[in-house]
Amino acid sequence: MAKQNVLVIDDERDIRELLSITLGRMDLNVDAAANVSEAKRMLAEQHYDLCFTDMRLPDGTGQEIIELIARQYPDTPVAMITAYGNVEAAVDALKAGAFDFVSKPVDINMLRRLVQTALKLAEEKQSGGTPAQGRLIGDSPAIAEVRARIEKLARSQAPVYISGESGVGKELVARLIHEQGPRAQGPFVPVNCGAIPSELTESEFFGHKKGSFTGAHADKDGLFQAANGGTLFLDEVAELPLHMQVKLLRVIQEKVVRPIGGRGEIAVDVRILSATHKDLARLTQTGQFRQDLFYRINVIELRVPPLRERRNDVPKLAVRILDRLAEQSGIAPPRLKPEALQALTEYDFPGNVRELENILERAVALCEHEVIEVSDLMLRPSSSSSVSRPRDEEEEYEDDEEDFAPGEGVGLDDYISNVEREAILKALKETRYNKTAAARKLGITFRALRYKLKKLAID
């Protein structure tokens, strides 16, 4: 197999020699250039599988090189070599299309990991798979654009901020970015930042050593160590407490973590993807989210459209969801009557794809003879008002949602499931476990009861 070619562009001879020796030991062909004009000539004459460029060069900047490669040689990953702590330059490079960045003085182990990750891109391109096509369902222009962006972002190591309303599928988008990129063989670690108690965030993210605090009975790796070599997905990143935002910024910039009670720092190779349904830019203005962290995680933003902006995708989504529900329940796939499908297509879905799943799951339980009527959908009558609410009214609505607490540490879905389980068990007990009689007592069909027994794992 032919050796892969790497181009190193730096005006410092020591850096060129260090990179050339290190990369040569990885069985790579290495060419070196000392300035922009020399690099342009070499790029025109030779195909390179990877390129490193310094930020400041005698006759130009590394930014010129990155933009040139992104424009003329898009299959060549390029990494920026920056001065230590120069975050602005690194962010600009990533926005211009750089694959990743390396800080001076160059950490050899980190450099090797970056090279291995970058060179996997060629293998990913040759495989030609597009998992987003099968899992991100729909033919609308809006979702086609998201697919194209996912494919492009998967080739980079830049932090991506995935924005969108609740229920649009932000975690699915994050998984697809991970699975289509060179880190696909590494772990994908999703974490809901709002679900971690404030006092435990540092231990959860960075780990701790035995005896470092009361209850630390053994060493524990944090989420960054768990995601090493892969991707860490920070869902609802707006919920991170301010003290943790400072520490997270440092880890992203320096790529090291220090466990609580640990004496040394541990290098981590993790790509950061983040998401929230809140307006992060607005939260930075009110001081609820650090502006420097916002700029660091929001190098590239990917907006996932709400379902009402891609109504033509609803029929395909509905069929796929119904097939999955039928398979899980061991029944024939229910069919939507034309009027029911029309009602779904015209509905605004304030809860987006997640709400569509809930509506269809309920309809499957209520419908007769595997045919879903409009009445089985139980759609909200005036959903459009939720879309056009003014900003202050929307915030008041969100605050009301936060005030609703079904139980200590219990989510709404779990709460509803518990209520259903108690009601069903009570009805079964009162009817001496006669399912037909219990269904009649509950005011639902026998089929709906059978479905709920399976869903709630009631034997």
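Each value, and the rule that gives it
Residues numbered from 1 in each chain as written. Predicted model: local features only at pLDDT ≥ 70, side-chain atom pairs only at ≥ 80, totals over all residues. Heavy atoms only, no water. Helix = DSSP H or I, 4+ residues; strand = E, 2+ residues; numbered from the N terminus. Buried < 20%, exposed > 50% of the residue type's maximum accessible area, 1.4 Å probe, protein only. Lys, Arg positive; Asp, Glu negative; His and termini not counted. Salt bridge = Lys/Arg side-chain N within 4 Å of Asp/Glu carboxyl O. Polar contact = N/O pair within 3.5 Å; in protein donor to acceptor, adjacent residues only side chain to side chain. Pairing = 2+ DSSP bridges. Axes fitted to C-alpha atoms, helices over the stretch in contact; angles between N-to-C directions. Contact = heavy atoms within 4.5 Å. pLDDT = per-residue confidence, 0-100. Expected span 1.5 Å × (residues − 1). Arc of directions from axis to C-beta. 1 Å grid on protein atoms, 1.4 Å probe; cavity = no way out; pocket = protein on both sides within 12 Å on 5 of 7 lines; lining within 4 Å. Points joined across faces, edges and corners; volume = space filled by probe spheres on them. Nonpolar A, V, L, I, M, F, W, Y, C, P; charged D, E, K, R; others polar. Phe/Tyr/Trp six-rings, centres within 6.5 Å; stacked < 30°, edge-to-face > 60°.

1. Details of the side chain of Arg16
Piece 1. Turning to its location among the elements, Arg16 is positioned in helix H1 (residues 13-24).
Piece 2. Despite its burial, Arg16 pairs with no opposite charge; the closest candidate is Asp10, at 5.7 Å N-O.
Piece 3. Of the polar contacts made by the side chain of Arg16, one reaches the backbone oxygen of Asp10; its length is 2.7 Å.

2. Describing the sheet that holds strand E2 (residues 29-33)
Piece 1. The strand order across the open sheet formed by 5 strands is E2-E1-E3-E6-E7, and the pairing between neighbours is parallel. Here the strands that pair on one side only, and so sit at the sheet edges, are E2 and strand E7 (100-103). Direction aside, neighbouring strands of the sheet carry axes that sit 20° apart on average.
Piece 2. Pairing between strand E1 (residues 5-9) and strand E3 (residues 50-54): 4 bridges, direction parallel. By the bridge assignment, Val8 is partnered in E3 with Phe52.
Piece 3. Those strands touched by H1 are E1, E2, E3 and strand E6 (78-82), and its axis lies near 170° from that of E2.

3. Focus on the confidence of the model for the chain
Piece 1. Predicted confidence across the chain gives a mean pLDDT of 84, with 88% of residues reaching 70 or more.
Piece 2. The least confident element of the chain, judged by mean pLDDT, is helix H19 (residues 391-403) at 40; the most confident is strand E10 (residues 231-235) at 95.
Piece 3. Low pLDDT, under 50, characterises residues 383-410; the predicted model gives this stretch 17 contacts beyond four residues in sequence or across chains.

4. Points about helix H14 (residues 314-329)
Piece 1. A rise of 1.5 Å per residue sets the reference length of H14, with its 16 residues, at 22 Å; its end C-alpha atoms lie 22 Å apart and thus fit the reference within 8%.
Piece 2. Along H14, the positions that sit buried rather than exposed are Val314, Leu317, Ala318, Ile321, Leu322, Leu325, Ala326 and Ser329. Buried residues of H14, viewed axially, fall in a sector of 160°; they line one side.
Piece 3. Each element contacted by the buried residues of H14 is listed here: strand E15 (335-336), helix H15 (338-346), helix H16 (352-366), strand E16 (371-372) and helix H22 (446-455).
Piece 4. A positive phi of about 70° marks Gly330, the residue just after H14.

5. With respect to empty space enclosed by the protein
A probe matching the size of a water molecule, rolled over the atoms, marks out where space remains unfilled.
Piece 1. Taken as a whole, this structure holds 2 cavities of 30 Å³ or more when the rule is applied.
Piece 2. Lining the largest cavity are 21 residues, with Asp100, Gln157, Lys255, Val270 and Arg271 sitting closest to its centre.
Piece 3. Of all elements in the fold, only E7, helix H5 (108-127), helix H11 (242-254) and strand E13 (271-276) reach the threshold of two or more residues within the lining of the largest cavity.
Piece 4. If one sorts the elements of the lining of the largest cavity by residue count, H5 sits on top with 4 residues.
Piece 5. Of the residues assigned to the lining of the largest cavity, the class counts are 12 nonpolar, 2 polar and 7 charged.
Piece 6. Empty space within the second largest cavity amounts to approximately 30 Å³.

6. A look at the packing of aromatic side chains
Piece 1. A full pass over the atoms with the stated rule returns 7 aromatic pairs.
Piece 2. Plain terms: the ring middles of Phe205 and Phe206 are 6.4 Å apart, the flat faces sit at 55° to each other, and that makes the pair tilted.
Piece 3. Summarising the aromatic geometry, the rings of Tyr347 and Phe349 are spaced 4.7 Å apart at their centres and angled 80° between planes, so their arrangement reads as edge-to-face. Both residues of the pair, Tyr347 and Phe349, count as buried.
Piece 4. An aromatic cluster is present here, built from Tyr161, Phe294 and Tyr295 joined pairwise through their rings.

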